[in-house]
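# Close look at the chain arrangement
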Amino acid sequence: MAPIDAASGLLDVLRSSAGGALETAGTRRTLTRGSQLIEAGAAAQSLFFVLKGRFEVRVGGQTVAEIAPPEPVGEIAFLTGGTRTADVVAARDSEVLELDRTAFDGLVAREPAIGTALTAWLARRLGAAAAHLPPLKRPVPRVMCLLAPNGTPEKAVAALRAALEAQGPLRVLDARDPDAPQGDDTALGAALLQGESRAPRALYIARAEDRLGRAMVRQSDGITILAPLATPQPPVGLGRLAAELHAPAARRLVLWREGESISGSRAWLEAWDVTQHHHLRIDDAAALETDAARIARFATGQARGVVMGGGGALGCAHIGVARALAEARMAADYWGGTSVGGAMAVALASGLDPAEIMDRTDEIFIKNAALATFAPPVYGLLDAHAFDRQLRLHYGDTDLADLPVPVFTTATSLTANDLKLFRLGPSWEAVRASGSLPMMLPPFISEDKEVFVDGGLIDNLPLDAMRQLKAGPNLVVSLAPDREYRARVSYSELPTRTRTLAHLVTRRRTGVPKLVQVLSRAMVVASRRQTARTDLDGDMLLEVTPVRGIGLMDWKRGREQEASAYLQAREAIAQGRLHAFSAQAPDKGETAPG
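Since the structure is predicted, the reported quantities are computational estimates derived from the model, not experimental observations. Note that residues are indexed from 1 along each chain, following the sequence as it is written. Thresholds applied to this predicted model are a pLDDT of at least 70 for local features of residues and 80 or more for the giving and counting of side-chain atom pairs; totals over whole chains, interfaces and linings are not thresholded and use all residues. Only hydrogens and water are set aside when side-chain values are computed; all heavy atoms of the structure are taken into account.

### Comments concerning the sheet that holds strand 15 (residues 276-281)
The strands making up a sheet associate through backbone hydrogen bonding, with each pair oriented either parallel or antiparallel. One open sheet accounts for six strands, arranged 11-12-10-13-14-15; its pairing is parallel. The open sheet has two free edges, formed respectively by strand 11 (171-174) and strand 15, since each of these has just one partner strand. Geometrically, the sheet is characterised by an average inter-axis angle of 20 degrees between neighbouring strands, direction not taken into account. Each pair of strands is called paired provided DSSP finds at least two bridges between the two strands. A run of DSSP states H or I qualifies as a helix once it reaches four residues; a run of E qualifies as a strand once it reaches two. Both are numbered from the N-terminal end. Of the pairings in the sheet, the one linking strand 11 to strand 12 (residues 202-206) comprises four bridges and is parallel in character. Angles shown run from 0 to 180 degrees and are taken between the N-to-C directions of axes, each axis being a line fitted to C-alpha atoms and, for helices, limited to the stretch in contact.

### Overview of the side chain of Arg294
Counting through the fold element by element, Arg294 comes out in helix 11 (residues 285-299). Burial classes follow relative accessibility: with a 1.4 Å probe on protein chains only, a residue under 20% of its type's maximum area counts as buried, one over 50% as exposed, and anything between as partly exposed. Judged by relative accessible area, which is 10%, Arg294 ranks as buried.

### Side note on the UniProt feature "short sequence motif: GXGXXG" (unreviewed entry) in the protein
UniProt positions are given in the numbering used here, feature names are shortened, and annotations may be inferred rather than shown by experiment. Following the UniProt record, the feature "short sequence motif: GXGXXG" (unreviewed entry) maps to residues 310-315 here. Across residues 310-315, helical content stands at 0% and strand content at 0%; the span's end C-alpha atoms are separated by 6 Å.

### What to know about the nonpolar core
Among the nonpolar cores identified, the biggest contains 67 residues, and Val321, Leu325, Trp335 and Leu475 are the most heavily contacted of them. For this core, the element with the most residues is helix 13 (residues 340-349), which contributes eight residues. The contact rule is simple, with two residues in contact once any of their heavy atoms fall within 4.5 Å. The residues touching Leu475, leaving out its near neighbours within four places in the chain, are Gly305, Val306, Val307, Val321, Leu325, Met540, Leu542, Leu578 and Phe581. In this structure, Cys145, Leu192, Met216 and Trp272 belong to the second largest nonpolar core, which totals 29 residues. What is meant by a nonpolar core is a set of buried Ala, Val, Leu, Ile, Met, Phe, Trp, Tyr and Cys residues, joined one to another through side-chain atoms within 4.5 Å.

### Re empty space enclosed by the protein
With a 1 Å grid laid over protein atoms only, a set of points is called a cavity when a 1.4 Å probe fits there but cannot get out and a pocket when it is open yet has protein on both sides within 12 Å along at least five of seven lines; lining residues have an atom within 4 Å of a point. Grid points are joined across faces, edges and corners, and a volume is the space filled by probe spheres set on the points. Applying the stated rule across the entire model yields four cavities of 30 Å³ or more. Quantified by volume, the second largest cavity comes out at close to 80 Å³. Lining the second largest cavity are Met144, Leu146, Leu160, Leu164, Leu203, Thr224, Ile295, Ala296 and Ala299. Within the residue set of the lining of the second largest cavity, elements represented by two or more residues are strand 10 (143-147), helix 6 (154-165) and helix 11. Broken down by element, the residue count for the lining of the second largest cavity peaks at three residues, all from helix 11. Across the lining of the second largest cavity, the residue classes break down as eight nonpolar, one polar and no charged. Amino acids outside the nonpolar list (Ala, Val, Leu, Ile, Met, Phe, Trp, Tyr, Cys, Pro) and the charged list (Asp, Glu, Lys, Arg) are all regarded as polar, and Gly is one of them.

Next up, the structure:
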């Protein structure tokens, strides 16, 4: 008998122990979309295995999980003799293998090895669950439907198909194929369900709102809509059907265009409720291949994210890390960060190369001294107007939705008492809100009067935010001081008010930690404490040691910081510590928020 561990599926365990007896003892059942397999509160008289399709687990009418092949359904209640704790409903036409109590007991009697295997599997399963309870997420779609209505450039369809095929075995059914199934709704549903067993993943390409197109939408786990960026429109035809049948988390929008310029994405997103939108440039072969590969990684739960924390001038390290990643051809599919990390994320998502970002950083903070003018200490110690002018100049009003690569920044909402994610809206505002360090800068106030301060106050490394937005590996870039932080004087040597004013004029250093230093260090402490408690679970942490003595406002040492981080990132890449950020093999166990 094969060794059993917590990762082994129950179906594998039974097949390994019972040989071919499992299939003969069980009964195959086909359920149409919306059919109830399990009712909450009922006695657990049967054990089910999903062979094809997908099921939703509902508690109080709310979907809390989804079950896909070859996962078991109701196994804990069945094996422990309990009652059902949730309703289980077919999310689309599906097929299960059912073992009722009589069939199961007879199988165990004929094959005693099953009992031993089940005991080991159940113990390890419960042990693993107790040790780590991840948030419930949607399984990565096994059956995807690409909506390509009339007028969709064939090069866009072909590029996405090729990119998805490059991710691993894939059965493709194009509505234009000569051998595409025909018949009524029942026959088409049966044909599509039967075809799922031919490959671990399937892609349907629906072309028109006919019977086959509607069947493809019904029998899919995830929907990708191809649409022209230039002509926004509300959901119609198959798009409307997809909106009716599939939750927003199962829908993504691909906006194709010609040319480098992107604008108008917001109009699409106001009409379509989707988990994520993507941009696909079709008039440049290299860009088309790059964009299609990124979209395919999102669709298969392998999108690569980079999460960058705050730290003022220390954040120039993010530019060095990005430079090392670019040289190693490790493309990021999603950029995210807070404070200076959010600013760098938006710059990188806009398509700027690291060298230009470093030049612009110097221009903002050194040449134009954007954070060097003091203000009366009423709204903040620094005058924000010079800083705002530079942000408007270098980031502009470009909507985050119009950037070629997905990005988010975070800010602390004093209005909502929570962390706010910026995924839409003017780029400069997303950067300004995320970096509003309390006491140093006035808070940012949105059009609806919501008040924001620095996102690092709540979460200086917003990895959880990235995980909520996508599945796949993430690189977390943390700025870690290389020495113990201690003052050079005792508390009794704290200067009086008069001496403090004199020191401001003479610029004398006293050894007492200054306000900016304290704020910076407090954020670092929170960041490191949170990092220590974070279960990376396949993600990678790159702790960059800042150059010695650099402070939060030492922008003149920014290039030194960038160069040091670049070398540290190159070393990590050479040592294979960022291997999961390179080419990914399909992971059947991966789950996705959408």
